[in-house]
Amino acid sequence: MKRKMLSLLLAVALLLPAATALAATAPVTITSEDVRGKVGDTVTATFKITIEPPKLGQTMDSLQFELIYDSSALEFVDIQEVSQERISILGTQYLCSVSSKAGAVGFAAAATEGATGSGVLMHVRFKILSAVSTTLVLKKVAYSFVTTSTGSSRGYTGGAMNLGRITGQSVPTTIAPSSPVPAGTQEPAGIATDEPRFPVTEVTLAPGASPTEEPTQADNDILAYIVFGLFIVVAILICVVLTLMIVRRGQNKARVKFFEEDEDEEALEAPEEETDDEELLEEEEPEEEEPEEDEPLIEIVRRGKK
């Protein structure tokens, strides 16, 4: 019994350093959020990184991994931060290389002076090919830390990391509008329609006779416009004639009234003119009597001279 207890304690003592080493091998964490989009769209997956050096004064001077995705659901487009084989990780410039094949993207970066902290690592763009949900996975993750004071470097392997999911949504299909059937074409016999069918009788024309053309809707509209225009013109003429008759009648009444007023004024002024004539006659009568009195004198004077 004592031997079993001693062996168990020995095994625990041997596993403690291994567990400590395993905990120390995860100073770098990479994550991404879930992304949704429609089939045919290009979506962007944001990768975030957290760098926690195992010792003070250390920084991450190298990072490499392989990004695995479902090639039947997604198509790799590019990494937006990569420019001329360079990438900035948390403000530090790294030399990098990117290689891609169906279902996998290889990434590797290295710098003389490493980075530390947390923030956005990169933006990876994918094109959605099908309406499925797939998980992005990082495999063969490896990184190393450098001590700036001594310049010594130590590498770590982080294994695999599951990232977010990219879900494709199907685009609703739209039914194209059916084109109208040209006049004179027959419907297929196999298609059942709800419209009632009636027997069609063909009319044969006599020799030399021409078929009469039925008036179209445009001709009917033009005829209606002409009739309406004539009705408006007749109505206007009737209004003008009535207006002229009313004006003419008013003018005649005004003239009759004017002549009646003139006759009344003449009737009132007539007696006054007679009185004036009598006064003139009375005034003229004494003037005619004076020459009769003077005539004898004139005659006497003439006789004396003889």
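Scroll up a little and you will see the structure.
Here's a quick rundown of the structure.

## Here we look at the pairing of strand β9 (residues 117-128)
Next up, step 1: Both strand β3 (residues 42-51) and β9 contribute to a ladder of 10 bridges, which runs antiparallel. Of the residues in β9, the one forming a bridge with Phe47 is Met122.
Next up, step 2: Note: strand β5 (residues 74-79) against β9, five bridges, orientation antiparallel. Pairing of Leu74 across the sheet is with Ile128, part of β9.

## Digging into the sheet that holds strand β8 (residues 104-115)
Next up, step 1: Reading across the sheet, the seven strands line up as β2-β11-β10-β4-β8-β7-β6 and stay open at both edges, with mixed pairing between neighbours. Strands at the two margins of the open sheet, each flanked by one partner only, are β2 (35-38) and β6 (86-89). Sheet twist, expressed as the average angle between the axes of neighbouring strands with direction ignored, equals 25°.
Next up, step 2: Relative to strand β11 (residues 153-169), β2 runs parallel, the two being bridged by four bridges. Pairing of Gly37 across the sheet is with Gly168, part of β11.

## What about the packing of aromatic side chains?
Next up, step 1: Within this structure, the stated rule accounts for six aromatic pairs.
Next up, step 2: Aromatic rings pair up to connect Tyr69, Phe76 and Phe126 into one cluster.

## With respect to the nonpolar core
Next up, step 1: One finds Ile30, Phe47, Met60, Phe65, Leu67 and Leu136 to be the most contacted residues of the largest nonpolar core, which totals 40 residues.
Next up, step 2: Excluding residues within four positions of it along the chain, Phe65 makes contact with Ile30, Val105, Gly106, Phe107, Leu121, Met122, Leu138, Lys139, Lys140 and Val141.

About the cut-offs
Residues numbered from 1 in each chain as written. Predicted model: local features only at pLDDT ≥ 70, side-chain atom pairs only at ≥ 80, totals over all residues. Heavy atoms only, no water. Pairing = 2+ DSSP bridges. Helix = DSSP H or I, 4+ residues; strand = E, 2+ residues; numbered from the N terminus. Axes fitted to C-alpha atoms, helices over the stretch in contact; angles between N-to-C directions. Phe/Tyr/Trp six-rings, centres within 6.5 Å; stacked < 30°, edge-to-face > 60°. Core = buried A, V, L, I, M, F, W, Y, C linked by side-chain atoms within 4.5 Å. Buried < 20%, exposed > 50% of the residue type's maximum accessible area, 1.4 Å probe, protein only. Contact = heavy atoms within 4.5 Å.

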